[in-house]
Amino acid sequence: MLLSKRRAVITGMGVISPLGNDLSSYWNNLIEGKSGIDYIDSFDAAAFPSKIAAEVRSFNAADYLSRKDARRMDRFMQFACAAARQAAEDAKLAVNQENAERIGVWIGTGTGGLETNEKQHQILLQKGPGSVSPFLIPMMICNMASGQVSIILGARGPSGCTVTACAAGTNSIGDAFRIIQNDEADIMFTGGAEACITPLAVAGFCAMRALSTHNDDPQGASRPFDAQRDGFVIGEGAGVLVLEEMGHALERGANVYAEIAGYGTAGDGYHIVQPDPEGKGAAQAFTRALNDARITPEQVDYINAHGTSTEINDAMETKAIKKALGEHAYRVAISSTKSMTGHMLGAAGAVECIAAALCCRDNLVPPTINYRNFDPLCDLDYVPNTAREKNVNVAVSDSLGFGGHNAALVLKKYYGTG
């Protein structure tokens, strides 16, 4: 007879985002339908086809880190550390000698320290190899968001980093969930971080024709599922959650936002950047997450969709939802919060999972803003333009990454009964 799996709940959350640098600002602005997108401020984008982005503004690393530590971190690591400190405070959790080995960190990213890489490459070209920073490598490599968070918290449990492009945040939360289920840790700090609004990254995405060129209307440029969508808007930030074994959380009297009940992942095996147009991999990840949670399609109340605002992705994701849910797909509330945050790449799944958890807590669904024109290929309920009150017992957050990486998480409302 199989033993029942250990259960994992969310007891703390932290956010650095284009909609605000704390949890309440992020959530309130989502519900109010505000956009965090504007003209690029961090570099001169006049020559770029896409001149808009969802940048993190008014962020001060010194609020969370010493000046010395901040100087030795790429911006994506600073975001991760800030969100992790917020999450620890929110969870009322102190890491100490007694619990450190049972507390781990698993934070994903899509590109890692791209800003550092670009700046140091310019130094190499202009001044020669002797002028390159000795901190280049630890500031550039993807795993160092998890490494730095582990160091600042003193956590000595399982530590790692999942790099699956735009699915990295969702995969990382799912991987941390499995660690708790397998009794390798009692608590995991998990999520995603990204800071790639840089000249090279924006130029690369422009070359792919992946970015929106609605430069005349920055706040209206990200329009998921709308017939006039023309590409995603690049974003940045971090989301970190405290996942905790349910019994451990109840024993210490922790506040619980929601339960992570299921996780599924699948590959397309199709193309390096284009998703399978039939959505088979995305649907498979969705179905595996539901099966893992022992949830039927008819029980799903809300989906925080990947919804990038690209022509192919949104049509494919609509197909995938229909494959996974059948006729119930037409009765589910679906929203893409990327309409407000832009696409935060490796951080997207984390901040979207946070939104899904708050939907379960508050019975309130954020809108898909900028939805004006019906597309017959996208014919589901995308909660257009205005937040909606709705009882959310089960929410799904899904992410799809370049390389055909698909991941989904199932969240359940927590009723305080264990």
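Predicted model only: the values in this text are computed from it and were never measured.

**Describing the packing of helix 7 (residues 168-181) against helix 13 (residues 348-362)**
Argument step 1. Taken N-terminus to C-terminus, the directions of helix 7 and helix 13 make an angle of 65°; their axes are 5 Å apart at the nearest point. It follows from the interaxial angle that helix 7 and helix 13 lie roughly perpendicular. Two secondary-structure elements touch here, helix 7 through Gly 169, Thr 170 and Ile 173 and helix 13 through Gly 349, Ala 350 and Cys 353.

**A look at the state of the cysteines**
Note on terminology: a disulfide is the covalent bond linking the sulfur atoms of two cysteines.
Argument step 1. The tally for this structure, following the rule as stated, stands at 0 disulfides.
Argument step 2. Lacking any disulfide linkage, Cys 161 is separated from the closest cysteine sulfur, that of Cys 142, by 5.6 Å.
Argument step 3. Counting only cysteine sulfurs, Cys 196 is the nearest neighbor of Cys 206, a cysteine outside any disulfide, at a range of 12 Å.

**Details of the packing of helix 10 (residues 280-293) against helix 11 (residues 311-325)**
Argument step 1. As a packed pair, helix 10 and helix 11 sit with axes 8 Å apart at the nearest point and diverge in direction by 40°. As judged from the angle between their axes, helix 10 and helix 11 are oblique. Between helix 10 and helix 11 lies a crossing whose hand is right-handed. Across from Ala 282, Ala 283, Phe 286, Thr 287 and Leu 290 in helix 10, the residues of helix 11 making contact are Met 316, Ala 320, Lys 323, Ala 324 and Leu 325.
Argument step 2. Grouping the constituent residues of the contact of helix 10 with helix 11 by class yields 8 nonpolar, 1 polar and 1 charged.

**Considering helix 7**
Argument step 1. In this model helix 7 runs 20 Å from its N-terminal to its C-terminal C-alpha over 14 residues, within 8% of the 20 Å that 1.5 Å per residue would give.
Argument step 2. Within helix 7, 12 of the 14 residues are buried, which leaves the element mostly enclosed by the surrounding structure.
Argument step 3. Buried residues of helix 7: Ala 168, Gly 169, Thr 170, Asn 171, Ser 172, Ile 173, Gly 174, Ala 176, Phe 177, Ile 179, Ile 180 and Gln 181, and no others.

**Description of the sheet that holds strand 1 (residues 8-16)**
The strands that make up a sheet pair up through hydrogen bonds in the backbone, lying either parallel or antiparallel.
Argument step 1. A sheet is described by the order of its strands in space; here 10 strands give the open sequence 5-4-6-7-1-8-14-13-9-10, paired in mixed fashion. Since the sheet does not close on itself, it has two edges, and those belong to strand 5 (159-160) and strand 10 (333-335), each with one partner.
Argument step 2. With respect to the sheet, helix 3 (residues 75-90) is in contact with strand 1, strand 4 (103-108), strand 6 (187-194) and strand 7 (237-245), its orientation differing from that of strand 1 by roughly 130°.
Argument step 3. The sheet strands contacting helix 7 are strand 1, strand 4, strand 6, strand 7, strand 8 (258-267), strand 13 (394-401) and strand 14 (405-412), and the helix crosses strand 6 at an angle near 170°.

**What about helix 1 (residues 23-31)?**
Argument step 1. Of the positions making up helix 1, those classed as buried are Leu 23, Tyr 26, Trp 27, Asn 29, Leu 30 and Ile 31.
Argument step 2. Looking at the buried side of helix 1, the elements it contacts are strand 1, helix 3, helix 12 (338-341), helix 13 and strand 11 (364-365).
Argument step 3. At the exit of helix 1 stands Gly 33, carrying a positive phi of roughly 70°.

**Describing unusual backbone geometry**
Argument step 1. The phi torsion at Ala 165 lies on the positive side, around 55°, for a residue other than glycine.
Argument step 2. Structurally, Ala 165 can be placed in the loop between strand 5 and helix 7.
Argument step 3. The phi dihedral of Leu 345 is positive, around 50°, even though this residue is not glycine.
Argument step 4. Looking at the element boundaries, Leu 345 is found in the loop between helix 12 and helix 13.
Argument step 5. Classification of Leu 345 as buried rests on a relative accessible area of 3%.

**Things to note about a nonpolar patch on the surface**
Argument step 1. A contiguous nonpolar patch, built from Met 208, Ile 272, Val 273 and Phe 402 and spanning about 340 Å² of accessible area, is present on the exposed surface.
Argument step 2. Position of Ile 272 among the secondary structure elements: in the loop between strand 8 and helix 10.

**With respect to the pattern of salt bridges**
Two side chains of opposite charge can pair, provided their charged atoms sit close to one another.
Argument step 1. Overall, the coordinates contain 22 salt bridges when judged by the stated rule.
Argument step 2. Here Arg 57 makes a salt bridge to Glu 55, at a shortest N to O gap of 3.2 Å.
Argument step 3. When its relative accessible area of 36% is taken as the criterion, Arg 57 is described as partly exposed.
Argument step 4. With relative accessibility at 4%, the residue Glu 55 sits in the buried group.
Argument step 5. Two residues, Arg 388 and Asp 381, come together in a salt bridge whose shortest N-O distance is 2.6 Å.
Argument step 6. Judged by its relative accessible area of 23%, Asp 381 is partly exposed.
Argument step 7. One salt-bridge network, held together by shared partners, links Arg 6, Arg 102, Asp 183 and Asp 186.

About the criteria used
Residues numbered from 1 in each chain as written. Predicted model: local features only at pLDDT ≥ 70, side-chain atom pairs only at ≥ 80, totals over all residues. Heavy atoms only, no water. Axes fitted to C-alpha atoms, helices over the stretch in contact; angles between N-to-C directions. Helix = DSSP H or I, 4+ residues; strand = E, 2+ residues; numbered from the N terminus. Parallel < 35°, antiparallel > 145°, perpendicular 65-115°, else oblique. Contact = heavy atoms within 4.5 Å. Disulfide = S-S within 2.5 Å. Left-handed = near helix turned anticlockwise from the far one by under 90°. Nonpolar A, V, L, I, M, F, W, Y, C, P; charged D, E, K, R; others polar. Expected span 1.5 Å × (residues − 1). Buried < 20%, exposed > 50% of the residue type's maximum accessible area, 1.4 Å probe, protein only. Pairing = 2+ DSSP bridges. Patch = residues over 30% accessible without salt bridge, like charges linked within 9 Å, V, L, I, M, F, W, Y side chains within 5 Å. Areas by Shrake-Rupley, 256 points an atom, 1.4 Å probe, with all protein chains shown as cover. Salt bridge = Lys/Arg side-chain N within 4 Å of Asp/Glu carboxyl O.

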